[in-house]
Amino acid sequence: MKKFKLLISMMLIFVMVFSAVGCSSTPAEEPQENGAPADTPAAEGGEAATTGESKEKDSLIVAINIDIESLDPTAHLQVLSSFVTESIYDTLYIPDVDGNPIPQIAESHEYITDTQLQIKIHEGIKFHDGSEMKAEDVQASLLRAQASKKAGKYYKEIESIDIIDDYTVQINLTQPYIPFLIALAHHSAAILPKAYIDSEPDFTAPIGSGAYKFVSWTSGDSVVMERNDDYFDKDNMSPFGEVTFRVIPEGTSRTIALEAGEVDVAYALDSIDYNRVADTSGLQTYKKDVNGTSYLFFNVEKAPFDDLNFRKAFNYVVNKEAVNIVANNGLATIMHNVTASHFLGYNEEVRYDYNPEKAKELFAEAGFTADDTITLSVYDDVSKRIAEVIQGNMMDIGLNMDIEIVEWGKYIENTGNGNFEMAILGWNQASDPDRYFSQLLHSSQIDGQNRARYSNPELDKLIDAGRIEGDLAKREEIYHEAYKMVMEDAPWVPLYIRSNLVGATDDLDLSKAISAEGSFYFNFIDVK
Amino acid sequence: MYKYIGKRLIGIIPVLIGITFLVFMIMSFSPGDPAQLILGDSATPELVAELREEMGLNDNVLVQYGRFLLNLIQGDMGTSYKNGKPVFEEIASRFPNTVKIAVVAILFGGLISIPLGVISAIKQNTAIDGTIMMITLFAVSMPAFWLAMLLIIQFSIKLGWLPTGGARDGLKSLILPSLSLGLAAMAAIARTMRSSMLEVIRQDYIRTAKAKGVSKGVVIRKHAMRNAMIPTVTVMGLYIGILMGGAVLTETVFAWPGLGRLMVESIVAKDTPVTLGCIVVFALSFSIVNLVVDVLYAYIDPRIKAQYV
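Treat the numbers as computed from the prediction; the structure is a model and nothing was measured.

(A) Representation of the interface of chain A and chain B in the model. The interface of chain A with chain B comprises 44 residues on the first partner and 48 residues on the second. When chain A packs against chain B, the two sides together hide about 4000 Å² of surface, and 62% of this comes from carbon and sulfur. The interface formed by chain A and chain B contains 3 salt bridges. Residue Lys149 of chain A pairs with Glu54 of chain B through a salt bridge whose shortest N-O separation is 2.6 Å.

(B) Just helix H15 (residues 472-489) of chain A, in detail. Residue and element names in this part refer to chain A. Between its terminal C-alpha atoms H15 stretches 26 Å, which fits the 26 Å expected from 18 residues at 1.5 Å a residue. Along H15, the positions that sit buried rather than exposed are Arg475, Ile478, Tyr479, Ala482, Tyr483, Met485, Val486 and Met487. In this fold, the buried residues of H15 make contact with helix H8 (308-317), helix H13 (434-440), helix H14 (457-468) and strand E17 (492-505). For H15, the capping residue at the N-terminal end is Asp471, with a side-chain oxygen 2.9 Å from the backbone nitrogen of Ala473. Just beyond H15, the residue with positive phi is Ala490, at close to 50 degrees.

(C) Just the packing of aromatic side chains, in detail. Tallied over the full model, the rule gives 35 aromatic pairs over all chains. Each ring, one from Phe520 of chain A and one from Phe522 of chain A, has its centre 4.5 Å from the other, and the planes form 15 degrees; the classification is stacked. Judged on exposure class, the residue Phe520 of chain A and its partner Phe522 of chain A are both buried. Between Lys85 of chain B and the ring centre of Trp217 of chain A, over which it is positioned, the NZ or CZ distance is 3.5 Å.

(D) Examining the environment of Pro95 of chain A more closely. Structurally, Pro95 of chain A is set in strand E2 (residues 93-95). Given the relative accessible area of 6%, Pro95 of chain A is considered buried.

(E) Focus on the pairing of strand E14 (residues 373-378) of chain A. Residues and elements named next belong to chain A. Bridge count between E14 and strand E15 (residues 400-405): 6 bridges; the pairing is parallel. Residue pairing across strands places Ile374 opposite Met401, the latter belonging to E15. A crossover links E14 with its parallel partner E15, the connecting element being helix H11 (residues 381-396), and its sense is right-handed. Where E14 and strand E16 (residues 422-427) come together, 2 bridges link them in parallel fashion.

(F) Spatial organisation of the sheet that holds strand E4 (residues 106-113) of chain A. All names here are of chain A. Reading across the sheet, the 4 strands line up as E4-E5-E7-E6 and stay open at both edges, with antiparallel pairing between neighbours. The open sheet has two edge strands with one neighbour each: E4 and strand E6 (158-165). Neighbour-to-neighbour, the strand axes of the sheet open up by a mean angle of 20 degrees, direction not taken into account. Sheet topology places E4 next to strand E5 (residues 116-121); 6 bridges connect them, and they run antiparallel. Among the inter-strand pairings, Thr113 is bridged to a residue of E5, identified as Gln116. Across the sheet, helix H3 (residues 135-147) is in contact with E5, E6 and strand E7 (168-173); its angle to E6 comes to roughly 170 degrees.

(G) Fine view of the confidence of the model for chain B. Residue and element names in this part refer to chain B. Across chain B, pLDDT averages 85, with 97% of residues at or above 70. Within chain B, the lowest mean pLDDT, 63, falls on helix H14 (residues 302-308), and the highest, 91, falls on helix H4 (residues 61-73). Here the complex is predicted with pTM 0.83, and the ipTM for its interfaces comes to 0.82.

(H) The arrangement of the pattern of salt bridges in detail. Using the criterion set out here, one finds 35 salt bridges over all chains in the structure. Of the charged contacts in the structure, one is a salt bridge between Lys512 of chain A and Asp526 of chain A, with a shortest N-O distance of 2.9 Å. With a gap of 14 residues between them, Lys512 of chain A in the loop between strand E18 (508-509) and strand E19 (526-527) and Asp526 of chain A in strand E19 connect regions that are remote in the sequence. The exposure class of Lys512 of chain A is partly exposed, given its relative accessible area of 48%. Note that Lys85 of chain B and Glu90 of chain B form a salt bridge whose closest N and O atoms lie 3.8 Å from each other. You can call Lys85 of chain B buried: its relative accessible area is 17%. When salt bridges with common partners are traced through the structure, they connect Lys156, Glu157, Asp434 and Arg467 of chain A into a single cluster.

(I) Representation of the packing of helix H5 (residues 87-122) of chain B against helix H6 (residues 127-141) of chain B in the model. Residue and element names in this part refer to chain B. The N-to-C vectors of H5 and H6 enclose an angle of 145 degrees; their axes lie 8 Å apart at closest approach. Handedness of the H5/H6 crossing: left-handed. Facing Leu116, Ile119 and Ser120 of H5, the residues of H6 in contact are Ile128, Asp129, Ile132 and Met133. A per-class count over the contact of H5 with H6 returns 5 nonpolar, 1 polar and 1 charged.

Basis of the calculations
- Residues numbered from 1 in each chain as written.
- Chains lettered and ligands numbered in written order.
- Predicted model: local features only at pLDDT ≥ 70, side-chain atom pairs only at ≥ 80, totals over all residues.
- Heavy atoms only, no water.
- Contact = heavy atoms within 4.5 Å.
- Buried area = accessible area lost by both parts, 1.4 Å probe.
- Salt bridge = Lys/Arg side-chain N within 4 Å of Asp/Glu carboxyl O.
- Helix = DSSP H or I, 4+ residues; strand = E, 2+ residues; numbered from the N terminus.
- Expected span 1.5 Å × (residues − 1).
- Buried < 20%, exposed > 50% of the residue type's maximum accessible area, 1.4 Å probe, protein only.
- Polar contact = N/O pair within 3.5 Å; in protein donor to acceptor, adjacent residues only side chain to side chain.
- Phe/Tyr/Trp six-rings, centres within 6.5 Å; stacked < 30°, edge-to-face > 60°.
- Lys NZ or Arg CZ within 6 Å of the ring centre and 35° of its normal.
- Pairing = 2+ DSSP bridges.
- Right-handed = clockwise from strand over helix to strand, strands pointing away.
- Axes fitted to C-alpha atoms, helices over the stretch in contact; angles between N-to-C directions.
- pLDDT = per-residue confidence, 0-100.
- Left-handed = near helix turned anticlockwise from the far one by under 90°.
- Nonpolar A, V, L, I, M, F, W, Y, C, P; charged D, E, K, R; others polar.

Take a look at the structure:
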């Protein structure tokens, strides 16, 4: 008995000691229900975290969540890889913080006709190997991008590229395409030396003209770049002598590394860590809405989703506030139409706010009863949580919905060939409505990206007109009508606009560095 | 002995063929198209079909496997579907990191658990024995990622002694991930050591040695431990193999660029060449570790050596 008591006592002591080791001195904060304001500075007097020694700002260490895929700008479509390739290579244009193209290598442009675009580049731009950038490099780079399997789709409108003089190219398009400058702002339109392209490089030692030169890539661990002291844009030289990307896959580990002072910037903060980082002395957070939309879509070729009343009813039944809380801790922006609200022509003339009573009425009109059921396919933890909220919303009005979890590869296959009822996906493109309407909602894209299999000839006409209309006011009217028309037909339930959640030390100003597409230009960071 | 080693090495070949065949079939028939995953979900069906043809994915699956095997024999593990890098390079950059934490974890585990197992056996049914067994039970019950987080919070954040992750701080980087893995292995090793010590110390020759006046320390160290080591070395060998292949959670939490993480990422991305490359390396390592363990037996117990000669 005595030995047993001693054993129990030792056990309890051990558990207490171990629990004390695990307890944080910082009490966990409840997430805000309505989302944190953008660009939240660190709260004064907040619980101090162990931030470690301060860093010299001739180096910047950024924690990223996955390893980059490639240093070849045309061989990847990955956001993280674009952080690196957009640092090493420049493009003719880059997206500003709202996603609109602004000149980088390009000094000026002029439409000679609506299918002939002349672009003059700055003189004296040096590649990292010391050679000067000329028009032939631009021509070779863009044709290479067009030929690429992954990125070629952005340049399919290019018929040919002529060299006008040493610093001027003329891009001849197959048809008028107003958002073409946006394509030239994509990371895959990076300008490389023609000689380097002709050598068929393996990109182990990439050569660009960007604000940074490549130093090393340790697979699964880090990428290191150093400042290009010969960068042509002296107003936007890098404030850092060296930038290192550290791959830290686990969200909590990234936050811990930031709090411990091991990194200066933590990209893709977990939403549960956002408020805690915001309240930590010496740290700050950025919440930047990117163009990335998350939306639920119906297979409109199948019953009951072919019934407009059903689709409208479903739009009314989804509680988007609750979806935002479970998916993003309330930190995303709720969506009411196909794109983010800053896009040309955006309006909410047709909008479906949460209204379970109205939903019930419309479901009844559609003949959908408690004896019926429908299936929402999902592919990961976040989409599953969204589905559970919606399932709960349906149950609240006495109706049923099943959830089917499908492996990603199969999910893409099923939603591509119409082998599903409802599903959830995301889309992230440049800030032009054509990039969304023409690919996701044009009937020519059924069996492609129009996974809702939605066909509306009137909308198709508007989309076709919008892509070639050069007059901005007329273009805005076209898309105004398109936004209204698509929501009247309700092939989707728009859910939310994703946000980039970034944590950083409070001596850095990242407000100009992150664009709406999610691009991150490190030479645009200011050191306070 | 050399003949025995030679036979065992040759015996690895059918094992590798069997494992790679099984994994290749599973990857080939599991859902998801590698070409689609490479090109992204916005690629046109025509482009996907073109890439599938280029990659040889439309060939008969046995032909594809044969091609893989032929290349492997020539030392070519292929290129990654995801980033186009040679698989051998990818693995070569990560494998040493995995070996490091596996070996150091076992050393940690061994250094702590062997003495604990011995003490536990000697003090059987006492409070010390109970405490040690409780500690080992606790260690084996803790989820690896949770333990990893606790260690980071305590040693990196609160004390600031060690880095939170990564592999760039030399030995300092190795400590926490190895400790996290080693504690899990510790339980199995300690328990095995305890039970085999209990068996050995009850043997007649131990009683004889004590009766002849040999000191307790010498009896334990020179006679009992050596005979009790065989099962313990077996478990340690098994654990090295397990740790090399299964340290994904620890590698993820500590951002350790190891092979476990690479393999899981390649499976999710349907990057078959990388997955197969990792499997080959794991199977080979496991087989060689087991061979080393078997050879070690001969040095621990001369009676076993006589069987090989």
